[in-house]
Amino acid sequence: MSFFSELKRRNVIRMAGLYLVGAWLIVQVAETLLPLYDTPGWVLKSLVLLLALGFLPMLVFSWVFELTPDGLKRDAEVAPEDSVGPRTARRLDQLTILGLIAVVALIAADRFWPRDAVVPTGPAIVEGATKPAGTLTAVATGSGNRLVAVLPFRNRSALPEDAFFAEGIHDDLLTQLSKIAALRVISRTSMMRYQDSKQSIPEIARELGAAVVLEGAVQRAGDQVRVNVQLIDGVSDVHLWAENYDRALSTETIFTIQAEIAQAVAKAMQVVLSPAEAGALAAGSTANLKAYESFLRGKLLSNVDGVTEQRLRDAITAFDHAIELDPGFADAYARKARAQLTGFWFALGPRSQRDAARTSLAQAQRLAPEAIETLLAEAYYHYWGQLDYARADAVLERVLKRVPDNAEAWMLRAFVARRDGRFEESLAALRRSLEIDPVNLEALGALADTQAVLGQAGQAAHTLQQARGLSADVRSYTMLFRESQGDAEGAWAAIDGPDGTLAVTPFRAAILTRDPVRIALSLSPTLWPEDRRSPPDFAETYAMAQAEALLVTGKRDEAMRLLAEIHARLQSRPDPYPGGWSQNGYYLPSDLPGMLGDLEGVRAAERHYRENAPKDAWGGRDYQYALAIAFARAGDPDRALHYLDAIAQAFGPASWLRFSIHPGLDSLRKHPRYLAMKSAYEAWAANQPDE
């Protein structure tokens, strides 16, 4: 009892109580203010740790020392009659009571005080749907626009590896929002350019043409998650809705938060969700948190922008892990199918990935045949996997009937129409996609490329300028445009480092200039990394480029020796040209015999082309171009010009510009038919309006 009496006399217990109350208040204030300044999550954690570590030293200090009118003195040095302990005790009691009043006030404010003064609107959520948490949602000033921009979520977690989780939640939220038919949602690829942007919300909204902008942050700590979101009017910069979610981390939590956010956005845009849409938002895709995290990782890795062979392998591994944890995870099967098809289409994996994708797709169709993810995977399979344009169109029609403003579906429809020879329809679909997703570089690049090939150079240059204003990395699109305009120097000037997807791109540009220094640089590890020189199923890609470089730079004997070696290696393979006549073949059956000067070999390749080439109006231009170059090199100018004429007939007189710079066609420059083609272009160009 004497020990506790001594604790009381020395005010140790009172100091402990005051310290705990004060520490709690400090943490609450810090938790509110630090996020406003984008402070990393470790700062708050460090503060909590320091306060916890300071508790014991504070107790020791209050036991040893006493505050007297003359300052701090050791307790043993203060005579009992000189002690002001009772007076200090009363002051500590008063401070503790004030602290407790502040604690109660903060708790009450958090529970009852409105976060924003907004004008509530009529109900916009179907009866029976979950009501969004947070403040009532005001109507967006431009709600008739219904274009939604979701800024990349900030990662508030202390661990850097949790950044993918914030990115994944952002990406998945966009997927959920895109399921609401009446909303138009800007893609993640487009929005990533605003990560860490210093632009104001109205500036971003004006640049995108968005009615509302959603911004947020995600913090994960152990088995807890905090998500902060706010919806901002793109015109007035007024906060329409905001919410802080502090929940136990689970898939149910994540899907509920996503559903509430989607409902709040819909309400602000005066959109009434259908029962099917409300049900789809609430359903979620898996109950297994680890499976969901692997799924998010796979989605991020398999996005086409910046895709590489290694990223695709890692993505498929992530999807496999998600499926292993949840064999009924339909979206994981669908996304895995798309990753496998990406590897097949861009030749970043073995061609067997097409069959593997069919197996993955079948599982997704078994589990969720009408899910948007499944339908998009099916459309990609018919297009990339089979070049079956009619079936791809039919599936995309089903998607667009349910979500008319799905930008990805419109872009895919454009690509399908372009290969089917419906060029005007393709241009219209690309423009429609860009109305929904106005800063999508892939759609802008495809539009510029299509316009250029069709002879619309002025429009293509304008489109390319738009793309360049959004990103400095439009090298491949610029190179294609310059090549289409017969500008070899401009094509090479566009090269600035290796191409992220097609390692051969710098070499293609260098060969047009005929410059030995540039050609050597394009073959160096600087522009063509060694680990990307032999893509799966196309082991001779780099060797073929070396041989062509020798030919173009006048080293014919060396070229012939290397070509003979390549020929011997290809003949030993059971399938020398696994790609056949396809867009994703790094070399075609006519390339090697053409460089060897083997006319019979080129004619055999031509027969193979006629018998086996798929219907591909867009890719056919490159196949015919390759045949023309092969015949020109092998000594048959008439057959070479036959294919150049076919290209000009299909795509217009401006095609001659591309022919004019390739060294493989140099033997045709004085041929009467080639000169007639040049004259036709010049006459056509003279009648074109200035753009």
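Scroll up for the structure.
Colleague: Lay out the environment of Val399 with the relevant residues and their values.
Modeller: Note on placement: Val399 falls in helix α15 (residues 389-402). Taking the relative accessible area as the measure of exposure, Val399 reaches 0% and is therefore buried. Residues Val399 and Lys179, 220 residues apart in the sequence, show an inter-C-alpha distance of 9.9 Å. When near neighbours in sequence (up to four residues on either side) are disregarded, Val399 contacts Ile372, Leu375, Leu376 and Ala409.

Colleague: I'd love a proper account of the packing of aromatic side chains, names of residues and values included.
Modeller: Counted under the stated rule, the structure contains 25 aromatic pairs. With a centroid separation of 6.2 Å and 65 degrees between ring planes, the pair formed by Phe423 and Trp618 is classed as edge-to-face. Linking Phe423 in helix α17 (residues 423-436) with Trp618 in helix α28 (residues 617-634), this pair joins segments that are 195 residues apart in sequence. Pair check on accessibility: Phe423 and Trp618 agree, each one buried. An angle of 90 degrees between the planes, with centres 5.0 Å apart, marks the rings of Trp528 and Tyr542 as edge-to-face. In this pair, Trp528 sits in the loop between α23 (516-522) and α24 (541-552) while Tyr542 sits in helix α24, placing the two residues 14 residues apart along the sequence.

Colleague: Kindly report on the packing of helix α29 (residues 637-651) against helix α31 (residues 672-686), identifying the contributing residues and their values.
Modeller: Interaxial distance between α29 and α31 falls to 10 Å at its minimum, and their mutual angle equals 20 degrees. On the basis of the axis angle, α29 is roughly parallel to α31. Handedness of the α29/α31 crossing: left-handed. Residues Asp638, Leu641, His642, Leu644 and Asp645 of α29 lie in contact with α31, whose contacting residues are Arg673, Tyr674 and Met677. A breakdown of the residues in the contact of α29 with α31 according to their chemical character gives 4 nonpolar, 1 polar and 3 charged.

Colleague: Explain the nonpolar core to me, and be specific about the residues and the numbers.
Modeller: One recurring pattern in soluble globular proteins: nonpolar side chains tend to sit buried together. If you look at the biggest cluster of nonpolar residues, it comprises 150 residues, and the most contacted ones within it are Phe165, Leu183, Leu208, Ile261, Tyr383, Leu644 and Phe659. With 11 residues, α28 is the single largest residue contributor to this core. Among all residues touching Phe165, those that are not within four sequence positions of it are Val218, Arg220, Val225, Leu249, Ile254, Glu293 and Leu296. In this structure, Ala510, Ile519, Tyr542 and Ala545 belong to the second largest nonpolar core, which totals 22 residues.

Colleague: Just give me the short version of α24, but keep the residues and values in it.
Modeller: With 12 residues, α24 extends 17 Å from end C-alpha to end C-alpha; this agrees with the ideal 16 Å at 1.5 Å per step. With 11 of 12 residues buried, α24 lies mostly within the body of the structure. Considering only its buried residues, α24 is in contact with α22 (505-513), α23, α25 (556-571), α26 (591-596) and α28. Two residues or fewer after α24 comes Gly554, characterised by a positive phi angle close to 85 degrees.

Colleague: Now, about the side chain of Arg669: what can you tell me, with residues and values included?
Modeller: Within the element layout of this structure, Arg669 appears in the loop between α30 (655-659) and α31. A polar side-chain atom of Arg669 sits 2.9 Å from the main-chain carbonyl oxygen of Phe659. Here the side chain of Arg669 touches Tyr674 through a polar contact of 2.8 Å, side chain to side chain. Among all residues touching Arg669, those that are not within four sequence positions of it are Arg514, Phe659, Ser660, Ile661, His662, Tyr674 and Leu675.

Colleague: Account for the pairing of strand β6 (residues 212-221), with residues named and values stated.
Modeller: Burial runs high along β6: 8 of the 10 residues are buried. Here strand β3 (residues 147-150) pairs with β6 via 3 bridges, running parallel. Its bridge partner being in β6, Val150 is matched across the sheet by Leu214. Of the strand pairs in this sheet, strand β4 (residues 154-155) and β6 are connected by 2 bridges, and their pairing is parallel. Bridging from a neighbouring strand, Arg154 pairs with Ala217 of β6. The turn joining β6 and strand β7 (residues 224-233), which pair antiparallel and follow one another in sequence, is formed by 2 residues; a positive phi near 65 degrees is taken by Gly222.

Each value, and the rule that gives it
- Residues numbered from 1 in each chain as written.
- Predicted model: local features only at pLDDT ≥ 70, side-chain atom pairs only at ≥ 80, totals over all residues.
- Heavy atoms only, no water.
- Helix = DSSP H or I, 4+ residues; strand = E, 2+ residues; numbered from the N terminus.
- Buried < 20%, exposed > 50% of the residue type's maximum accessible area, 1.4 Å probe, protein only.
- Contact = heavy atoms within 4.5 Å.
- Phe/Tyr/Trp six-rings, centres within 6.5 Å; stacked < 30°, edge-to-face > 60°.
- Axes fitted to C-alpha atoms, helices over the stretch in contact; angles between N-to-C directions.
- Parallel < 35°, antiparallel > 145°, perpendicular 65-115°, else oblique.
- Left-handed = near helix turned anticlockwise from the far one by under 90°.
- Nonpolar A, V, L, I, M, F, W, Y, C, P; charged D, E, K, R; others polar.
- Core = buried A, V, L, I, M, F, W, Y, C linked by side-chain atoms within 4.5 Å.
- Expected span 1.5 Å × (residues − 1).
- Polar contact = N/O pair within 3.5 Å; in protein donor to acceptor, adjacent residues only side chain to side chain.
- Pairing = 2+ DSSP bridges.

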